[in-house]
Structure formats: C-alpha cells, structure tokens
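Coordinates in review
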Amino acid sequence: MFSFFKRKPKEPPTAPATAPAIAPDLVQPAQSAATAAPVVPAAPDAAGAVAAAPQTTAQAAPQAAVPAPSAQTHAGPPDAAVHADIVKAPVADPAAAAAKKTSWLGRLKAGLSRTSSGIATLFTGTKIDEDLYDELEAALLMADAGVEATQYLLDALKAKVKQEKLVEAAQVKAALRTLMIELLRPLEKPLVLGREQPLVMMIAGVNGAGKTTTIGKLAKHMQAHGQKVLLAAGDTFRAAAREQLAIWGQRNGVDVIAQESGDPAAVAFDAVQAGRARGADVVMIDTAGRLPTQLHLMDELKKVRRVIGKAIDTAPHEVLLIIDGNTGQNALTQVKAFDDALSLTGLVVTKLDGTAKGGVLAAIVKQRSVPVYFIGVGEGIDDLQPFVAEEFVDALLG
C-alpha cells in the first residue's frame, strides 16, 4: 500500500537535522516493535450509541522528525519543500507494491483516456501554427480546464515555443507537459498527521460523491501509520449512511459513534469528546450530502463546524471536500461554495476511473488552489492514492 502523509513530531528535536534530503520514493520508515493496544469499546453514551468493532493489533509506524507546519491559506500542512519528510506506510514486499503502483497508474490513464486521446492526436504529424493552438484550446476547454486556465496555458506555451525556438510537435507537447505540471504542483501537498491530539477531520460533499467510502479508505491508510482512528456517523439523513459507515468500521476494526436519529452536530460533538477520552489520534466525521444551492443545509453544515469548535477550540483541523471527478466544471462550483461556507483545507477527487476528463483541477488551481490530498480510481482500498502532479499530467496528456 502506498500512502502519503507527513508526520509531525510530538516533541521538537534538540538539534537541527543534518541528514541530506531524500527523494520521496525512497523514504521508508523502519518497522516499530511496538504494537497498538486493543481498544475496548466504551458503553454507549446517553447522547448516542457506539457501534464498536474489535480492534486488531497493528504495527505502529514510527514518528518522522519534521518541521512544525506553517500557516497556509487553504492548507493545514505546509508546502512539502523537504521531500524526505513524506512518510510512507511500511511495505512488506517492495516488488508487490511496485506492481500495485503500476496497475494503479494504468487505471488512472485509462480513466483519463478521453482527454489524453484528444490531446495526443494534436501533436501527431502536425506543424506548429495557429491552427494547432486553436485545436489545443478547444481540447483543453472540452477537458473542463476552464477559460482562465486554458488561456494561461496557451499564452505560456506560445511564449515558451518562441523563447526556446521549438519546431517539432513532440517538443511542444513536452513544453505543455512542463507547464501543466508547474500549474498543478501547488495542489500537491501531504496530509500532516500528529499535529493535534486528536486530529479532527470533517468530511463534506454532495450526494453520491463517495464521502463514506472515502472515509473508510482513509481510515485504513491512517491505521497503516499507527494512528488510532475513531469514526462519527454524522449523516443522519440518509437511511443507510450509519450502517455503511459501521461496515467500514468493522472492516478496519475501529469504533463508530452513531445515533439512531437526531442532530448531526450533536453526533459530531460526542465523537470529538469520545476521541479525547479514548486517546484517539484521528477523529473523522461524516456529514450528510447536500447541494451547495441548498442554503438551509449549508447553514446546518456551518453549525456542525461551529459545534466541533466548542469541543476543541482549534477543531476541525482538516475540512475535506469529496468531489466526483465526473462532474466537470460543476466540481469548481462545489469547491467555491463549500470553501466559502467551511474554509476547506483539502480535496479528495474520486471516480477518475469513469468518464472523468480531469482538466477541472487546472480550473480549481486558478480559482481557489485548495490542496488535493488524494485521488481515487476505483472501489478498492489501494485505489485511493496521493495526488502527484507529474503522474496526473502524464495520464492526462497520454
């Protein structure tokens, strides 16, 4: 399993680190001999019932000495300037992990093939002229890149072609690849673990975006890093939401705080309190799906955020929006609306294995630049992987 988190040390180091920077793909923490103690679920509180599952022991991932995060406009974590700070889950079989990564990249390329096939044909046996730029503009707009990002890429590409005196179509495509990677790089930031105890994460999104499934996958990833996770079934509107989250809790061996019915803000508050009492490292709170045009429901989401802050002053520490990669430019509308209401700290883009075009990330970076922590290409645990700009652009361009 490949994961993408930064770990903040519980105590600052007494002396600055002197080890040289290491490429992220080479960072592998050593296995710790300590194991997490099994959790004994507490009795149900008066305010809500606890759907508990026995927690199996798991190898605890070691702490990595990293600098304390600095303030960011949208991102809780700092920009990952020192790539050696990126921590991966322990891998028992490197060959198997590499095969999984290759398979995942193949599925990502297949998911974005509609866009890549359209752009790739533009650079086959063609000359560099205004017709090429016109066709490229149409292809980027069809890929949901948006007018602002498309114009930026075209202007930058023309300047680069002129400055470097590029004459071959392959050279122009390579130049476009470089510009797109530079454009999307600000979205590539790791999720920082261990900076709060517990780290409270609020998960939002529209109906059908995959919030509950993503929570289950994130819980599994975090457990691989030795994190004790507690889930909260804050979606009290959808009939099967509580049961669905409970199933993920059973699969991962984590407790789920839930109520038969009632105020989702109360569920969130109880979950944060339970997380503190049980020594959880991460508390993830599911919320009901809603459209950004449903103002009364958006106001209720703001209430949930305020109530979480009453449980812990600095919470929620992460506010993630789950967006369906197939929704095109509507995803940008969602980001704007939820960011205005909740001050988002990160995004998770799901369902890129379907009819997704992918260019909407270019539109997002020009409008709000909220970090994309993870992207998903399927239903499996390993189908949720960190967003890497270079890999994404390679899949997008073919």
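Small disclaimer: the values here were computed from a predicted structure and weren't measured.

Let us now look at unusual backbone geometry. Cis geometry is found at the peptide bond from Q197 to P198, where omega equals -5°. For the peptide bond that leads from A315 to P316, omega is -5°, which places it in the cis range. As for its position among the elements, P316 is in the loop between α9 (295–311) and β9 (318–324). Not every positive phi belongs to a glycine, and D144 is a case in point at roughly 70°. By secondary structure assignment, the location of D144 is in the loop between α3 (130–142) and α4 (147–164). The phi dihedral of S369 is positive, around 55°, even though this residue is not glycine.

Our focus in this paragraph is α4. If you check α4, its first and last C-alpha atoms are 26 Å apart, about what 18 residues at 1.5 Å a residue would give, namely 26 Å. Packing partners of the buried residues in α4 comprise α3, α5 (169–184) and α11 (360–367). Of the residues one or two after α4, K165 is the one with positive phi, at around 55°.

In a regular helix each residue adds 1.5 Å, so 12 residues correspond to 16 Å; helix α7 (residues 241–252) covers 17 Å between its end C-alpha atoms and thus fits that length. For α7, the full list of buried residues reads A241, L245, A246, W248, G249 and N252. Looking straight down α7, one finds that the buried residues subtend no more than 160° of arc, so they occupy a single side. With respect to the buried face of α7, the exposed residues turned more than 90 degrees away are Q250 and R251. Once α7 ends, the next one or two residues include G253, with phi positive near 70°.

A word on the pattern of salt bridges. Opposite charge on two side chains lets them pair, provided their charged atoms get close. As enumerated under the stated definition, the model contains 14 salt bridges in all. When the shortest N-O distance is used, the salt bridge between E164 and K160 registers 3.0 Å. Placement of the pair is E164 and K160 together in helix α4, with a separation of 4 residues, close to one helical turn. R242 is the salt-bridge partner of E243, the closest N and O atoms lying 3.2 Å from each other. On the basis of relative accessibility, which here comes to 38%, the residue E243 falls in the partly exposed class. The network of salt bridges with shared partners includes R177, E390 and D394.

Cut-offs applied
- Residues numbered from 1 in each chain as written.
- Predicted model: local features only at pLDDT ≥ 70, side-chain atom pairs only at ≥ 80, totals over all residues.
- Heavy atoms only, no water.
- Helix = DSSP H or I, 4+ residues; strand = E, 2+ residues; numbered from the N terminus.
- Expected span 1.5 Å × (residues − 1).
- Contact = heavy atoms within 4.5 Å.
- Buried < 20%, exposed > 50% of the residue type's maximum accessible area, 1.4 Å probe, protein only.
- Arc of directions from axis to C-beta.
- Salt bridge = Lys/Arg side-chain N within 4 Å of Asp/Glu carboxyl O.

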